[in-house]
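# Residue-level structural notes
Take a look at the letters that make up each chain.
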Amino acid sequence: MKSQKGITMMSLVIYVASFMLITGIVGTITTYFYNNMKIMDASIGSNAEYNKLNLYMAKLVKEKGTIIYKYDEDDGEYITFENGDKRNTFVKLGDILYYNNIKLCSNVDDFDVKVETDTGKPVVKVLFQVSGTVFSTQYVISN
């Protein structure tokens with residue numbers, strides 16, 4: 001009887017084919033993971049920008065004695081609040097939203113402010129679009 005030591009051609013083809021299949025599956029999973037990470041980064045970035053705006057805006061409207069000093073009635077791209085002798089302005093220039101002289105948010109597509117006084121207390125309606133994601137919030141000025 002002959003001894004069958006070593007690798008036959010058929011088993012070598014099976015090993016190479018199974019290695020290629022496993023490599024393809026791992027590559028597909030890795031590509032899927034990295035593509036989803038890019039999507040997640042974009043959505044986290046826009047949420048972070050909105051949270052910064054919301055933090056400053058909510059702080060201002062909740063302070064006692066805050067009034068709306070001036071706002072853009074046509075385009076709604078700026079609003080100024082006054083509290084005593086202090087004035088705080090949110091203004092969109094280009095694709096950047098500024099709070100006074102501080103760069104607050106970047107990649108801003110739209111910043112639209114409307115003020116309604118129908119309910120007795122002024123209500124500031126803010127439409128904020130950043131990196132393609134739209135946020136809409138209403139703030140009631142508490143005097």
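Residues numbered from 1 in each chain as written. Predicted model: local features only at pLDDT ≥ 70, side-chain atom pairs only at ≥ 80, totals over all residues. Heavy atoms only, no water.

## Description of the sheet that holds strand 1 (residues 67–71)
The sheet built from 5 strands is open, its strands ordered 1-2-3-4-5 with antiparallel pairing. The strands lining the two open edges of the sheet, one partner per strand, are strand 1 and strand 5 (102–105). Here the strands of the sheet are splayed against their neighbours by 25° on average, with no regard to which way each runs. Two elements, strand 4 (residues 96–99) and strand 5, share 3 bridges in a ladder whose sense is antiparallel. The partner of Leu97 across the bridge, within strand 5, is Cys105. (Pairing = 2+ DSSP bridges. Helix = DSSP H or I, 4+ residues; strand = E, 2+ residues; numbered from the N terminus. Axes fitted to C-alpha atoms, helices over the stretch in contact; angles between N-to-C directions.)

## Digging into the packing of aromatic side chains
One pass over the structure, following the stated rule, counts 6 aromatic pairs. On the basis of an interplanar angle of 90° and a centroid distance of 6.3 Å, the ring pair of Phe81 and Phe90 is categorised as edge-to-face. Across the pair, exposure class does not vary: Phe81 and Phe90 are buried alike. One aromatic cluster is present, formed by Tyr56, Phe81, Phe90 and Tyr99 through successive ring pairs. (Phe/Tyr/Trp six-rings, centres within 6.5 Å; stacked < 30°, edge-to-face > 60°. Buried < 20%, exposed > 50% of the residue type's maximum accessible area, 1.4 Å probe, protein only.)

## Re the sheet that holds strand 7 (residues 123–130)
Reading across from one edge, 6-7-8 is the order of the 3 strands in this open sheet, with antiparallel pairing throughout. The strands lining the two open edges of the sheet, one partner per strand, are strand 6 (108–116) and strand 8 (133–140). Averaged over neighbouring strand pairs, the angle between their axes works out to 10° when direction is ignored. Where strand 6 and strand 7 come together, 8 bridges link them in antiparallel fashion. Across the sheet, residue Glu116 finds its bridge partner in strand 7, namely Val123.

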